[in-house]
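Okay, here's what each chain looks like letter by letter:
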Amino acid sequence: MIRRRSRRAATVALLAVAAAAVTATVVPVAAAASSGSIVIDSVSSPQGEPGLLSVQAEAPSPITSLTVHIDPGSTSELTIQSSELSLTSGSAQDGTWTVHTPITQSQLSLGSYQVTVDATDSDGSTTGLSAPDQWFFGLYPAVTIDASQTTLGYSHQSVSFTGQVTADSPTGSPEGVANESVTITDSDGGSWSATTDQDGNYSVSVTPSLVNGTGLAASFSASVGAGPTIEHASSPDLELTGDVDPVQVSVALSKSVANFGAKVTFSGTARYQSDGIWLPFANSTVDISGKDYYSGTSVRTIAAATDDTGHFKVTLPAQPTTTWTANPAPSQYLTPSESGLGMPNSATLSIVLPTRTTRLHVAYNPAGRITAAGCLRLGAAVSSFPDLSPPADAGLYLQYSRTSRGPWRTLGRLSGSGAPKCSGGTGFRGTAGPPALSGHYRVRFTGQLLYQRSVSAAGYAVTARTRITNFSIKPRAVTGHGRVHLSGRLQQKKARGWKALGGVHLTIYVKPVGSATWYYTTKKLPVSTSGRFHTSFRDPVSAHWAVGYPGNASHLESLSRILYVSASGTAANLRPAIGAHPLSGRATRPLLAAG
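Model, not experiment: these values are computed from the prediction.

(A) Broad picture of the overall build of the protein. Broken down by element type, the protein carries two helices and 49 strands. Taking all contacts inside the protein whose residues are at least 6 apart in sequence as the whole, residues at least 24 apart take part in 63%. Of the roughly 28100 Å² that the protein leaves accessible, carbon and sulfur atoms contribute 50%.

Laid out in C-alpha cells, this is it:
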C-alpha cells in the first residue's frame, strides 16, 4: 500500500515532470563527439510505472558501463549497477538504459532526487555525471467523483460526494492513496474539503448553492494538489441540477379589528409542491413581516415555528393598523409565496387607536352657561408611533353630574369652532345650559372608525348669583347744570344668605329719551369691599338709567332696577351697550358716542 511522505516543496515535483518530458529528446552524436565527453541527457520514468527508471546518455564512442546513483542530498541513497540496466532504445553510443526491475518504496522513499551517473565508453571513464533535472519518484493519481443524487430540491438540498484517489505504485499496480487531501469545487466558486481513508476513498456531505441561469445547475469536480510525492489531478466534471417548487401559504387573524393592545393571533399553514405532491413545511420556520398602514415602514419580522403539519401561530405585537404577510424563509428551491388557490398569505389587522382628553377647562360664563374647552389626542400608548393623526372633533359631548361618580347627563355637543390650538391633538370648545349653578363636568368622545371611545376626567365648576340692591338716583329731576347721585349695593348669594361683593366695577347704562339704544358711560363704577358704590353726574340727560355688574367665571351678571331721570343735559360721554344683555334682550350694534 502506497503512503505519501512529504519531503520537498511542490515545485520540485514540477521539475520532475519536465525531466520526464526530456526522455524523448535525442542529442545529436556530433555534439558529444565534439565535446569529447559523455553526456547524460535525462533521467525519467513513465507515469504508469514511476519505479521504472530510464537514463538517456550519449558518448563519443559506445558506452560499455553505466552506474546510477540516486541522491536525496549529499549522500547516495540508492545505487544501481550497470548489470541492473539494459539498453532499451537507441544505440550504445546514443541510447536509453532502463532498470530490469522497477524500484520499490522499500528501496526508496517517494520524492524527488538528484541523479548522478558513472559512465565508461571505449575512450575511458567519467564519474559524477549529473542529470539535467531531478528525477521524480512519485505518484500520478487519478481522481473520481460521484454524488448521492444529481437532482436537488427543497426536500433534499444536501448531497454526499464520494470518490477515490488512486495511483500506480512504482511497480505499476494501482492502489488507493491514503490520507490525501481532496478539494471539491463547483462552478460558482464553492469549495469543500475531505481526506481519503486507508483505501483512498473519500466522502463529504455539502449543501451547495446552484446557479440560476436558465435553470438551477452547477458543475462539481474533485482534485488533489501537487506535492513533493504526488502530482496534481482532477476528476471529470459532475453536474447537479435543481427543481424549483411552488409554494402556498394561507393565513387568518383571530379578529380583523381590535383595540390597540388587544391579543390577536395570526395563524396559517404553509406547504410546497414536490413531484406533484403538496407537502407541509414541517418543523420549519415561516417569516412573518408587517408593513405599517400609516407610515408605510416595515415592522420587525417575526419567526414562527411550524409543526409537522406546516401549521404556525403567533401573537401579534401591539402595533397600529398593519398588513401582515407570511412567507417561508427564502430558498433557491422555492417560488415566491402566492395565493393562486384562494389562500392569501397576508391579512390586514385594523387597530382602533386609544384616545384621551387633555387640558380640559370647564367654567361658567356670566350668563350662567357652562363652557368647556380642551384637546382630543391619541392615547399615550401609541404616542411613539409615527404618522398617526388624532381624531376629528366629531362625536364630542359635554356631560354633567351632581357628583363625580354620575349618573351623567349630556348637555350638548362640542366642536372645533374657536377651539384652542393643540399640538398633536384636535382642539374643541362649546357652551351649554347647565341644570344647576355647580356640578361636575366631563367630555365624552363617542369614537370613530379607527378611534376608541373615551371620557375625560371630571372637572368641577361653580358660580354664584349676584344682585344690585338699594339702587337710587337723587334727585330724579334736574334743571340747568345740576348733578345726580347714584348709589346702591352689590351682593352675592352664599349658603347663608346674601353677602357683600366688593373689589369689582359696575357699568352705568343710559337710554336717552327718544332712543331705542342703551348706552353705557365710559366711566367705570368701583364697588367697595362692603359692596357699596356711589357716583355722581353733572348735566345728566333725560333717560332711563340702570347699573349692571358684568360678572365673571364665578359670579353671574346682574342688573339693577331701571330709574327714569328728567334733565336738560346732552348725551355726552356715552357709548352704545355691547352684546346680548338684559337691557336690550338682543345683540346691539355699537354706535359712536354722541358729541
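(B) How the structure looks around the nonpolar core. Formed by 102 residues in total, the largest nonpolar core has its most connected members in I70, W135, F161 and F266. Ranked by the residues each element gives to this core, the list is headed by strand β19 (residues 216-224), at five residues. By size, the runner-up hydrophobic cluster in this structure holds 24 residues, among which are V478, V510, V527 and A567.

(C) Looking closely at the state of the cysteines. Applying the stated rule across the entire model yields one disulfide. In this model, C375 is linked to C422 through a disulfide, with the two sulfur atoms separated by 1.7 Å. The sign of the -80° torsion about the S-S bond sets the C375-C422 disulfide as left-handed. Taken as a pair, C375 in strand β32 (residues 370-378) and C422 in the loop between β34 (409-413) and β35 (426-432) lie far apart in primary sequence, 47 residues in all. Overall, the relative accessible area of 0% leaves C375 in the buried class.

(D) Region of the structure containing empty space enclosed by the protein. All chains considered together, the criterion is met by two cavities of 30 Å³ or more. By volume, the largest cavity amounts to about 60 Å³. In terms of lining residues, the largest cavity is bounded by N259, G261, A262, V264, L316, P317, A318, Q319, L349 and I351. Counted by class, the lining of the largest cavity contains seven nonpolar, three polar and no charged residues.

(E) Structural context of the environment of T321. For T321, the location among the structural elements is in the loop between β28 (311-315) and β29 (322-328). In this structure, the C-alpha to C-alpha distance between T321 and S256, residues 65 residues apart in sequence, is 10.0 Å. Excluding its chain neighbours within four sequence positions, the residues that come into contact with T321 are K291, D292, Y293, Y294, T348, L349, S350 and I351. A polar atom in the side chain of T321 sits 2.9 Å from the backbone nitrogen of I351.

(F) Spotlight on the packing of aromatic side chains. Counted under the stated rule, the structure contains 12 aromatic pairs. The interplanar angle of 50° and the centroid separation of 4.9 Å between the aromatic rings of Y272 and F281 together place this pair among those described as tilted. Here Y272 and F281 have matching classes, each one buried. An aromatic cluster of three or more residues is present, and its members are Y154, Y272 and F281. When the ring centre of W278 is taken as origin, the NZ or CZ atom of R271, which lies over that ring, is 4.7 Å away.

(G) Expanded view of the pairing of strand β3 (residues 63-71). Most of β3 sits out of view: seven of its nine residues are buried. Alignment of β3 against strand β7 (residues 111-121), held across eight bridges, turns out to be antiparallel. Within the sheet, the bridge partner assigned to T67 lies in β7 and is D118. Pairing of β3 with strand β4 (residues 78-80), which is carried by three bridges, proceeds in the antiparallel orientation. When the sheet's bridge partners are listed, V68 is paired in β4 with I80.

(H) Spotlight on the confidence of the model for the protein. Residues with a pLDDT of 70 or more make up 88% of the protein, whose mean pLDDT is 87. Under a pLDDT of 50 for its full length, residues 1-34 has, in the predicted model, 86 contacts with residues more than four places off or in other chains. pLDDT under 50 marks residues 578-595. Its contacts with residues more than four places away, or in other chains, come to 32 contacts.

(I) Spatial organisation of the sheet that holds strand β5 (residues 85-90). With respect to topology, four strands assemble into an open sheet ordered β1-β2-β6-β5, the strand pairing being antiparallel. Lying at the two open borders of the sheet, with one neighbouring strand each, are β1 (39-44) and β5. Shown here is a sheet whose adjacent strand axes are inclined to one another by a mean of 25°, direction ignored. In terms of strand pairing, β1 meets strand β2 (residues 54-58) through five bridges, oriented antiparallel. Each bridged residue has a counterpart across the sheet, and for S44 the counterpart in β2 is S54.

(J) Region of the structure containing the sheet that holds strand β27 (residues 298-305). Read from one edge of the open sheet, five strands run β23-β30-β29-β26-β27, paired in mixed fashion. A strand with exactly one partner marks an edge of an open sheet, and here the two such strands are β23 (257-259) and β27. Strand-to-strand, the axes of this sheet are offset by a mean angle of 30°, without reference to chain direction. Both strand β26 (residues 285-292) and β29 contribute to a ladder of seven bridges, which runs antiparallel. When the sheet's bridge partners are listed, D287 is paired in β29 with N327.

(K) Local environment of the environment of V117. With respect to the element layout, V117 can be found in strand β7. A C-alpha to C-alpha distance of 7.7 Å links V117 and A131, two positions 14 residues apart in sequence. If sequence neighbours within four positions are ignored, V117 has contacts with I40, V55, L66, T67, V68, T126, T127, G128 and L129.

Conventions and cut-offs
- Residues numbered from 1 in each chain as written.
- Predicted model: local features only at pLDDT ≥ 70, side-chain atom pairs only at ≥ 80, totals over all residues.
- Heavy atoms only, no water.
- Helix = DSSP H or I, 4+ residues; strand = E, 2+ residues; numbered from the N terminus.
- Contact = heavy atoms within 4.5 Å.
- Areas by Shrake-Rupley, 256 points an atom, 1.4 Å probe, with all protein chains shown as cover.
- Core = buried A, V, L, I, M, F, W, Y, C linked by side-chain atoms within 4.5 Å.
- Buried < 20%, exposed > 50% of the residue type's maximum accessible area, 1.4 Å probe, protein only.
- Disulfide = S-S within 2.5 Å.
- 1 Å grid on protein atoms, 1.4 Å probe; cavity = no way out; pocket = protein on both sides within 12 Å on 5 of 7 lines; lining within 4 Å.
- Points joined across faces, edges and corners; volume = space filled by probe spheres on them.
- Nonpolar A, V, L, I, M, F, W, Y, C, P; charged D, E, K, R; others polar.
- Polar contact = N/O pair within 3.5 Å; in protein donor to acceptor, adjacent residues only side chain to side chain.
- Phe/Tyr/Trp six-rings, centres within 6.5 Å; stacked < 30°, edge-to-face > 60°.
- Lys NZ or Arg CZ within 6 Å of the ring centre and 35° of its normal.
- Pairing = 2+ DSSP bridges.
- pLDDT = per-residue confidence, 0-100.
- Axes fitted to C-alpha atoms, helices over the stretch in contact; angles between N-to-C directions.

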